[in-house]
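One letter stands for each residue in the lines below.
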Amino acid sequence: MEIRDLLKQNIQLALKELGVDLDLNEIVVENSKDPTHGDYATNVAMKLARVFGKSPRDVAGLIVDKISKDQIDHIEIAGPGFINFYMKNDSITGIVQRIIKENDNFGRSAKKNEKVNVEFVSANPTGDLHVGHARGAAIGDAISRILDFDGYDVTREYYINDAGNQIDHLGESLIERYKEDLGLPFNLPEDGYHGEDVKIIAKKIREKYGDKLLEKDNPLEFFKLVGQELELEKIREDLKTFNIVFDVFSSEKAIRANGAVEKEIEYLKDHIYLDGGAKVLRTTDFLDDKDRVIVKSNGEYTYFMPDIVYHVNKLSRGFDKLIDVLGADHHGYINRMKSALMMHGYSQDVLDIELIQMVRMMKDGKEFKLSKRTGNGYTLRELCEDAGVDAARYFFVMRAASGHLDFDLDLAVKQSSDNPVYYAQYAHARLSSVLNSASDIKIDETGSLLKEFSELELAKKLASFEDVVKIASKEKAPYKITNYIHELAEKVHAFYTECRVIDRDNIEVTSARLGLCLASKIVLKNALYLVGVSAPEKM
RNA sequence: GCGCUUAUAGCUCAGCUGGACAGAGCAUCUCCCUCCUAAGGAGAGGGUCGGACGUUCGAAUCGUCUUAAGCGCGCCA
């Protein structure tokens with residue numbers, strides 16, 4: 001058990017003796033920021049001052065008298081009524097043994113038997129992924145990894161909008177580019193895709209399927225289908241280089257098949273009214289501030305309609321929870337979709353929409369938007385080439401998703417300490433290097449000889465990993481992990497500088513420190529894994 | 001006009017759901033390699049937490065008002 005949980009339990013027991021029942025999660029025990037405040041501290045005495053009708057310091061005194069002092073060296077009452085715990089070294093360094101034993105699984109929670117579907121990226125297969133998609137991809141995948149680590153059963157899903165206008169535009173544009181490639185007169189549609197990438201795809205289609213495609217019965221359908229396949233293949237490849245693999249690709253077309261949309265409309269009929277020939281869903285009965293058209297007066301569906309079907313479809317596949325990672329411009333969409341799901345009797349919490357704010361690409365202190373090569377937007381592929389996958393993924397998740405992100409390309413490329421990715425990876429490489437240099441020395445896994453300040457600080461940081469994972473999971477906040485990685489790397493570097501590990505004249509201390517190195521290396525690696533960043537042995 | 005989001009050091013951001021002097025990293029300055037990776041460490045300066053009022057023993061954190069910025073408010077997707 002983690003020390004903080006142990007302290008909480010002890011406090012709970014002490015309070016019980018004093019006649020106060022308090023839930024465990026109401027008891028806050030925090031890592032003291034300041035070493036002069038002990039290792040851990042709690043504010044319960046101040047919280048309960050009124051209940052006891054005494055001053056916070058007096059209440060603290062009562063609690064301290066009753067508390068079990070097993071692993072505690074001594075306790076101080078400080079400031080307005082904080083209780084500061086000074087732990088015995090053993091109770092702090094004992095974590096080393098557990099980490100080494102659990103290894104890759106340290107920090108992982110037991111299976112919860114809850115199925116979560118995380119939908120992200122879901123870009124239309126009409127062009128390359130750009131940096132906006134890339135941030136969504138990095139965050140969506142990191143959330144998936146964190147939830148998985150926290151014991152959820154996670155499915156990563158990509159929704160392909162292959163039935164909408166966008167695909168029509170793609171097909172039309174491809175036909176024109178195909179004509180161009182054949183040397184025929186061509187005329188790009190105004191709302192088509194004018195970029196170079198479409199030209200390339202058209203060329204590919206011609207190479208693969210020949211010059212007679214325009215003579216087909218329905219060339220548009222053919223170009224739509226083949227074009228989309230090729231675009232999707234490209235997207236999949238790009239995501240793979242970005243270290244992201246989806247479990248499921250769902251197609252809008254497939255979901256619309258077999259009258260699923262019509263059935264859904266029938267199901268929702270009590271919530272639908274007609275307005276000038278259009279069918280409108282009364283979402284205002286639930287969370288929305290406005291009713292939404294689902295079938296236009298010309299009989300076509302709005303985007304919203306098949307999307308309802310899609311979300312219901314996801315839930316019908318047995319997921320307990322859906323998470324959508326979407327661009328921040330979708331926030332009007334949240335209450336709309338939740339309302340529709342509530343019409344099915346689901347709780348509004350069954351769907352969790354994580355909004356991702358814009359990314360601004362910065363170079364030389366100035367924003368840039370375009371790719372140098374194609375004249376289109378800057379793509380994920382180029383970003384991977386320019387910044388590297390590790391740096392890109394780290395940068396995308398290191399800020400709260402709800403905030404705008406300035407991606408400093410100069411910094412991401414820089415191989416120095418200013419670059420947070422290298423700072424963390426370097427810590428890992430250093431530990432590896434030490435362990436390699438001392439591979440002949442037996443490692444003491446008990447942690448019992450550790451006593452230096454920087455050793456204890458590092459051990460405490462290691463112990464808090466499990467908690468950090470839980471919080472990051474609960475809040476769907478991968479940036480909590482990168483913050484932790486940075487703090488842990490700091491403690492590692494401080495330990496490395498203060499404590500020489502390998503000392504052949506003192507094998508006992510050496511092997512104890514090697515144990516700490518190994519434990520730190522494991523935790524650093526596990527944490528980096530959660531955000532999809534590699535942990536190099538050498539740099 | 002209504003709604004959502006954001007506002008913390010010169011810059012980019014944390015702040016553990018109300019606690020002990022507001023923290024990092026860049027940038028600036030000073031020190032530290034006879035020794036496991038100096039891609040590192042130690043230290044200094046820098047803040048009326050956008051503003052005002054309120055709740056509280058206690059507010060960057062909660063509430064109201066206000067200012068500024070971004071986004072959303074289609075029978076678009």
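The structure this text deals with has already been given above.
Residues numbered from 1 in each chain as written. Chains lettered and ligands numbered in written order. Predicted model: local features only at pLDDT ≥ 70, side-chain atom pairs only at ≥ 80, totals over all residues. Heavy atoms only, no water.

### Structural notes on the pattern of salt bridges
Part 1 of the reasoning: All told, the structure shown has 42 salt bridges when counted by the stated rule.
Part 2 of the reasoning: With its nearest N and O atoms 3.3 Å apart, the salt bridge here joins Asp148 to Arg108. Within this pair, whereas Asp148 is found in helix 7 (residues 131–149), its partner Arg108 is found in the loop between helix 6 (95–102) and strand 5 (115–119), the two being separated by 40 residues in sequence.
Part 3 of the reasoning: Judged by relative accessible area, Arg108 falls into the partly exposed class, the value being 34%.
Part 4 of the reasoning: Taking the shortest distance from any N to any O, the salt bridge between Glu457 and Lys491 comes out at 3.3 Å. In this pair, Glu457 is assigned in helix 19 (residues 453–463) and Lys491 in helix 21 (residues 479–498), connecting sequence segments 34 residues apart.
Part 5 of the reasoning: Here Lys491 falls in the partly exposed class, since its relative accessible area comes to 24%.
Part 6 of the reasoning: Connected through salt bridges with shared partners, the residues Asp128, Glu231, Lys234, Asp238 and Arg381 form a single ionic network. (Salt bridge = Lys/Arg side-chain N within 4 Å of Asp/Glu carboxyl O. Helix = DSSP H or I, 4+ residues; strand = E, 2+ residues; numbered from the N terminus. Buried < 20%, exposed > 50% of the residue type's maximum accessible area, 1.4 Å probe, protein only.)

### Overview of the pairing of strand 12 (residues 351–356)
Part 1 of the reasoning: By the criterion of burial, strand 12 is predominantly enclosed, with five of the six residues buried.
Part 2 of the reasoning: Inspection of the sheet shows strand 11 (residues 321–327) paired to strand 12 by six bridges, in the parallel sense. From the neighbouring strand, Asp324 faces strand 12, where its bridge partner is Ile353.
Part 3 of the reasoning: Once the chain exits strand 11 it traverses helix 14 (residues 331–342) before rejoining the sheet at strand 12, and the crossover so formed is right-handed. (Pairing = 2+ DSSP bridges. Right-handed = clockwise from strand over helix to strand, strands pointing away.)

### Some details on the environment of Ile265
Part 1 of the reasoning: With respect to the element layout, Ile265 can be found in helix 12 (residues 260–267).
Part 2 of the reasoning: Judged by relative accessible area, which is 12%, Ile265 ranks as buried.
Part 3 of the reasoning: Spatially, the C-alpha atoms of Ile265 and Ile294 are 8.8 Å apart, while their sequence positions differ by 29 residues.
Part 4 of the reasoning: Among residues more than four places away in sequence, those in contact with Ile265 are Ile272, Lys279, Val295, Tyr301 and Met305. (Contact = heavy atoms within 4.5 Å.)

### Let's talk about the packing of aromatic side chains
Part 1 of the reasoning: In total, this model carries 15 aromatic pairs according to the counting rule given.
Part 2 of the reasoning: Each ring, one from Phe120 and one from Phe246, has its centre 4.6 Å from the other, and the planes form 40°; the classification is tilted. Of this pair, Phe120 sits in the loop between strand 5 and helix 7 while Phe246 sits in the loop between helix 10 (219–241) and strand 7 (248–251), and the two are 126 residues apart along the sequence. No difference in accessibility class separates Phe120 from Phe246, as the two residues are buried.
Part 3 of the reasoning: Ring centres of Phe222 and Phe223 lie 6.0 Å apart, and the angle between their planes is 85°; on these two criteria the pair is classed as edge-to-face. The exposure classification of Phe222 matches that of Phe223, with both residues buried.
Part 4 of the reasoning: Over the ring of Tyr529 we find Arg145, and its NZ or CZ is 4.8 Å from the ring centre.
Part 5 of the reasoning: Lying across the ring of Phe249, Arg236 places its NZ or CZ 4.1 Å from the centre. (Phe/Tyr/Trp six-rings, centres within 6.5 Å; stacked < 30°, edge-to-face > 60°. Lys NZ or Arg CZ within 6 Å of the ring centre and 35° of its normal.)

### Brief notes about the sheet that holds strand 10 (residues 292–295)
To summarise the sheet geometry, strands pair through backbone hydrogen bonds and adopt either a parallel or an antiparallel arrangement.
Part 1 of the reasoning: One open sheet accounts for three strands, arranged 8-9-10; its pairing is antiparallel. Single-partner strands in this sheet number two, and they are strand 8 (272–275) and strand 10. The average angle at which neighbouring strand axes cross in this sheet is 45°, direction not considered.
Part 2 of the reasoning: Note that strand 9 (residues 278–281) and strand 10 share three bridges and pair antiparallel. Note that in strand 10 the partner of Lys279 across the bridge is Val295.
Part 3 of the reasoning: The strands touched by helix 13 (residues 304–316) within the sheet are strand 9 and strand 10, with strand 10 carrying the most contacts at an inclination of about 85°. (Axes fitted to C-alpha atoms, helices over the stretch in contact; angles between N-to-C directions.)

### So, the side chain of Ser454
Part 1 of the reasoning: Within the fold, Ser454 resides in helix 19.
Part 2 of the reasoning: A relative accessible area of 4% places Ser454 in the buried class.
Part 3 of the reasoning: The contacts of Ser454, once residues within four sequence positions are left out, are Ala494, Phe495, Glu498 and Cys499.

### A few points about the layout of surface pockets
Part 1 of the reasoning: Considering only enclosed or pocket space, the largest pocket measures out at about 1,100 Å³ in volume.
Part 2 of the reasoning: What lines the largest pocket is a set of 47 residues, and nearest its centre among them are Val121, Ala123, His130, Gly132 and His133.
Part 3 of the reasoning: Among the secondary structure elements, those contributing two or more residues to the lining of the largest pocket are helix 7, helix 9 (196–209), helix 13, strand 11, strand 13 (359–363) and strand 14 (366–368).
Part 4 of the reasoning: Within the lining of the largest pocket, the residues separate by chemical class into 19 nonpolar, 19 polar and nine charged.
Part 5 of the reasoning: Taken as a whole, the second largest pocket holds about 560 Å³ of empty space.
Part 6 of the reasoning: As for the second largest pocket, its lining consists of 21 residues, and the residues nearest its centre are Asn31, Lys461, Ser464, Val468 and Glu487. (1 Å grid on protein atoms, 1.4 Å probe; cavity = no way out; pocket = protein on both sides within 12 Å on 5 of 7 lines; lining within 4 Å. Points joined across faces, edges and corners; volume = space filled by probe spheres on them. Nonpolar A, V, L, I, M, F, W, Y, C, P; charged D, E, K, R; others polar.)

### Some thoughts on the pairing of strand 5
Part 1 of the reasoning: The buried count for strand 5 comes to four of five residues, which makes it a mostly enclosed element.
Part 2 of the reasoning: Note: strand 5 against strand 6 (residues 153–160), five bridges, orientation parallel. Paired with Lys115 across the bridge in strand 6 is Asp153.
Part 3 of the reasoning: Between the parallel elements strand 5 and strand 6, the chain passes through helix 7 in a crossover that is right-handed.

### Regarding the sheet that holds strand 2 (residues 40–42)
Part 1 of the reasoning: The strand order across the open sheet formed by four strands is 1-2-4-3, and the pairing between neighbours is antiparallel. The open sheet has two edge strands with one neighbour each: strand 1 (29–31) and strand 3 (72–78). Across this sheet, the average inter-strand angle for adjacent strands is 25°, counted without regard to direction.
Part 2 of the reasoning: Sheet topology places strand 3 next to strand 4 (residues 82–87); six bridges connect them, and they run antiparallel. Bridged to Ala78 within strand 4 is Phe82.

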